[in-house]
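Results of the structural survey
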Amino acid sequence: YLYIGSGDGGQGGDGANVAQDPSSLLGKILRIDVESGVAPYSIPPTNPFVHTAGARGEIWALGLRNPWQFSFDSTTGDLYIADVGENNYEEVDFQPASSPGGENYGWPIMEGKHCYATASCDEAGLTLPVVEYNHTQGCAIIGGQVYRGARFPSMQGIYFYADLCKGRVWGLKRGQNGWESNLLYDEPFQVTTIGDDEQGDLYLTDYSEGEIMK
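Residues numbered from 1 in each chain as written. Predicted model: local features only at pLDDT ≥ 70, side-chain atom pairs only at ≥ 80, totals over all residues. Heavy atoms only, no water.

Now for the overall build of the protein. Helices and strands together make up the secondary structure of the protein, namely zero helices and 16 strands. Against the 2.2 N^0.38 benchmark of 17 Å for 214 residues, the protein shows a C-alpha radius of gyration of 17 Å, consistent with a compact globule. On the principal axes, the C-alpha backbone points of the protein span a range of 50 × 45 × 40 Å. The proportion of buried residues among the 214 residues of the protein is 45%. Relative to all contacts within the protein whose residues are 6 or more apart in sequence, the contacts with residues 24 or more apart total 49%. Carbon and sulfur atoms provide 50% of the accessible area of the protein, an area that totals close to 10,600 Å². Of the charged side chains in the protein, 12 are positive and 29 negative; the average position of the first set lies 4 Å away from that of the second. (Helix = DSSP H or I, 4+ residues; strand = E, 2+ residues; numbered from the N terminus. Rg over C-alpha atoms; globule rule 2.2 N^0.38 Å. Buried < 20%, exposed > 50% of the residue type's maximum accessible area, 1.4 Å probe, protein only. Contact = heavy atoms within 4.5 Å. Areas by Shrake-Rupley, 256 points an atom, 1.4 Å probe, with all protein chains shown as cover. Lys, Arg positive; Asp, Glu negative; His and termini not counted. Charge placed at Lys NZ, Arg CZ, Asp CG, Glu CD.)

Pasting the structure below:
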């Protein structure tokens, strides 16, 4: 299946509330089948909103502002989504491989783990991020890959993510006591993406210098 990340359309604060609207494809992770022979695509029958009246069947998860970017752990199949925040918080959302889909990651009810527009809000049914950081540490989160290479065994299973403005790179991993994120690198780069190769080694792009680093 092909997964697609869509932003909320760019209105400040998602004024039209499209990220929470199941009839809109904006602010979502979508899942489609491009190999079924149906043009231009078909909708997988196991998608979570296929049988929900008024909902778009393509939707796999909702409540996202600007998923930049998302990736699957090549070993476990878990999904990591780096969602760029509005004014204050950047976040990493997580979906286990066992999930049937349908998670609501909260935007614009929440920004990170915090109510966005009001002092209090209803968090029922929402899946909150596993980690967040505020804008004293950066301006826009850049996801992100889980390291599965052979060269550095101690890095196995760590999800690496960065920030566009600060050039910071963090490592995130779930342990016995929950999720732990640590700042690993801090240089004046403008990181725009992190990718991997078939051997599991990681690469990042520096927009300011036009370079790809391994």
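That covers the picture; the talk isn't over yet.
The next thing to look at is the pattern of salt bridges. According to the stated counting rule, one finds five salt bridges in the structure shown. Taking the shortest distance from any N to any O, the salt bridge between Arg65 and Glu86 comes out at 2.7 Å. With Arg65 in the loop between strand E3 (59–62) and strand E4 (67–72) and Glu86 in the loop between strand E5 (79–83) and strand E6 (89–95), the pair connects residues that are 21 residues apart, well separated along the chain. One exposure class covers both Arg65 and Glu86, and it is buried. (Salt bridge = Lys/Arg side-chain N within 4 Å of Asp/Glu carboxyl O.)

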